[in-house]
Amino acid sequence: MARIPKIEPSDELIDRAFKKAKKVDDPNKKKKAIKKIQTVRKTIDSYLNQYVKSFPSFDNLHPLYYELIDVSVGIDGLKKSLGAIDWAREKCDTISGMYIKKIRKGEDCENMVKSAYGRISSIIHRVSKDLEHLEEARKKIRNMPSIEIGLPTAVMVGYPNVGKSSLLRRLSQAKPKIAPYPFTTTGLVLGHFSVTRKYTDHKIQVVEAPGLLDRPISRRNKVERQAMAAIYHLANLIVFVIDPTQYCGYTTEEQYNLLENIKNEISLPIIVVENKSDIYRSDRECLKVSCESGEGIFELKDEIIKNLGV
Ligand SMILES: Nc1nc2c(ncn2[C@@H]2O[C@H](COP(=O)(O)OP(=O)(O)OP(=O)(O)O)[C@@H](O)[C@H]2O)c(=O)[nH]1
Ligand SMILES: [Mg+2]
């Protein structure tokens, strides 16, 4: 995604424009006044234009990023703020043109510059909340994972606290936070590993999705919506992690119910893994792994590679 520059607050923008204009000089009073207004106009125009252009165009945005931005920032609010900034830019252009005309017609230079500055300041102040909103959005967008769209991707899902981050550490170089409580992971976490086939290296992307609860879409919160977005828009394969020890705080039945619901909703290959086999192994026919002892990790990696067709 494009790099968005830091969005300055309204006072800073005005200050920068006026400071630049202060340096303008011309022996001719009229020309000097016109140049001052032009400098302010140009500075403001260039900042605001850069802000608006640097945000991704929502129509061409990959659906995963669209959803992630919508969840964390809100697309409607973002569009509104960008619209307001563009409005302010045009308004400042018009006002500057108007005062330049007045000066050319012979109205008092100093008064005209003062009035133009006053009106431009007030326009920029009117969009100060939008500038703040865009800066907040920028920070959130900047912290989004740089997912490589198009790489063979396994998305790891399951109930909270079942050991997804621990598995991601075992499978890749990623170092996600592991903790004995649910919802430690609240966004998508990326990891990669490589596999060599016929003398060619293939990169495989593994994504840990935040914990999901078995409940209707309408009640899924922002954290869970990201998991669903990763399943719908990114996954070629799902690794469904179950904790049969129930130390995670959820029953095995709840976890298998979620698995059934995902199977009904999604037509992707699913690998089911029961984790924490160092503590307990069920009789169910599925892969058994332990992030503690390392049991089954090699087999899981192999299954991932096979299912991704690498
Ligand atoms: N005994 C044992 N404990 C494990 C194993 N895997 C993970 N744990 C523990 O389970 C707890 C949760 O692990 P995480 O990897 O943070 O689980 P998660 O699914 O990423 O959790 P959230 O991000 O909160 O949804 C931690 O206390 C881990 O140490 C395992 O194979 N055996
Ligand atoms: Mg986690």
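Up top you'll find the structure we're talking about.
These numbers come from a predicted model, not from an experiment.

## Thoughts on the coordination of the magnesium ion (ligand 2)
Ideal values differ by geometry: the angle at a metal is 109.5 degrees with four tetrahedral donors, but 90 or 180 degrees with six octahedral donors.
Then, number 1: Binding of the magnesium ion (ligand 2) to the protein goes through Ser165 (OG), Thr185 (OG1) and Glu208 (OE), at separations of 2.0 to 2.2 Å.
Then, number 2: Of note, the magnesium ion (ligand 2) draws all its donor residues from one chain, in the sequence arrangement S-x19-T-x22-E. One end of the pair, serine 165, is in helix 7 (residues 164-171); the other, glutamate 208, is in strand 3 (residues 200-208), and 43 residues separate them in sequence.
Then, number 3: Note on glutamate 208: relative accessible area 2%, which makes it buried.

## What to know about helix 1 (residues 10-22)
Three or four residues apart is the spacing at which side chains of an α-helix point the same way, because the helix has 3.6 residues per turn.
Then, number 1: In this model, helix 1 (13 residues) spans 18 Å end to end at C-alpha, consistent with the 18 Å of a helix rising 1.5 Å per residue.
Then, number 2: Buried within helix 1 we find Ser10, Leu13, Ile14, Ala17 and Ala21. The arc enclosing the buried residues of helix 1, seen along the axis, measures out at 95°, which places them on a common side. Across helix 1 from its buried face, at more than 90 degrees, point the exposed residues Asp11, Lys19 and Lys22.
Then, number 3: For helix 1, the secondary structure elements touched by its buried residues are helix 2 (29-54), helix 5 (109-126) and helix 6 (128-142).

## What about the nonpolar core?
Inside soluble globular proteins, nonpolar side chains tend to come together where they are buried.
Then, number 1: Membership of the largest hydrophobic core comes to 98 residues, with the highest contact counts inside it found for Leu300 and Ile304.
Then, number 2: Considering each element in turn, this core owes the most residues, 11 residues, to helix 4 (residues 75-104).
Then, number 3: The residues that make up this core include at least three from each of domain 1 (10-142) and domain 2 (153-307).
Then, number 4: The contacts of leucine 300, once residues within four sequence positions are left out, are Leu167, Leu171, Val239, Ile271, Val273, Leu287 and Val289.

## Thoughts on a nonpolar patch on the surface
Then, number 1: A surface patch of nonpolar side chains, amounting to about 360 Å² of accessible area, comprises Tyr247, Ile279 and Tyr280.
Then, number 2: With respect to the helices, strands and loops of the structure, isoleucine 279 is situated in the loop between strand 5 (270-274) and strand 6 (287-288).
Then, number 3: Using a relative accessible area of 46% as the deciding quantity, one classes isoleucine 279 as partly exposed.

Cut-offs and rules
- Residues numbered from 1 in each chain as written.
- Chains lettered and ligands numbered in written order.
- Predicted model: local features only at pLDDT ≥ 70, side-chain atom pairs only at ≥ 80, totals over all residues.
- Heavy atoms only, no water.
- Donors = N, O, S within 2.8 Å, 3.2 Å for Na, K, Ca; no water.
- Helix = DSSP H or I, 4+ residues; strand = E, 2+ residues; numbered from the N terminus.
- Buried < 20%, exposed > 50% of the residue type's maximum accessible area, 1.4 Å probe, protein only.
- Expected span 1.5 Å × (residues − 1).
- Arc of directions from axis to C-beta.
- Contact = heavy atoms within 4.5 Å.
- Core = buried A, V, L, I, M, F, W, Y, C linked by side-chain atoms within 4.5 Å.
- Domains from an automatic or database assignment.
- Patch = residues over 30% accessible without salt bridge, like charges linked within 9 Å, V, L, I, M, F, W, Y side chains within 5 Å.
- Areas by Shrake-Rupley, 256 points an atom, 1.4 Å probe, with all protein chains shown as cover.
- Salt bridge = Lys/Arg side-chain N within 4 Å of Asp/Glu carboxyl O.

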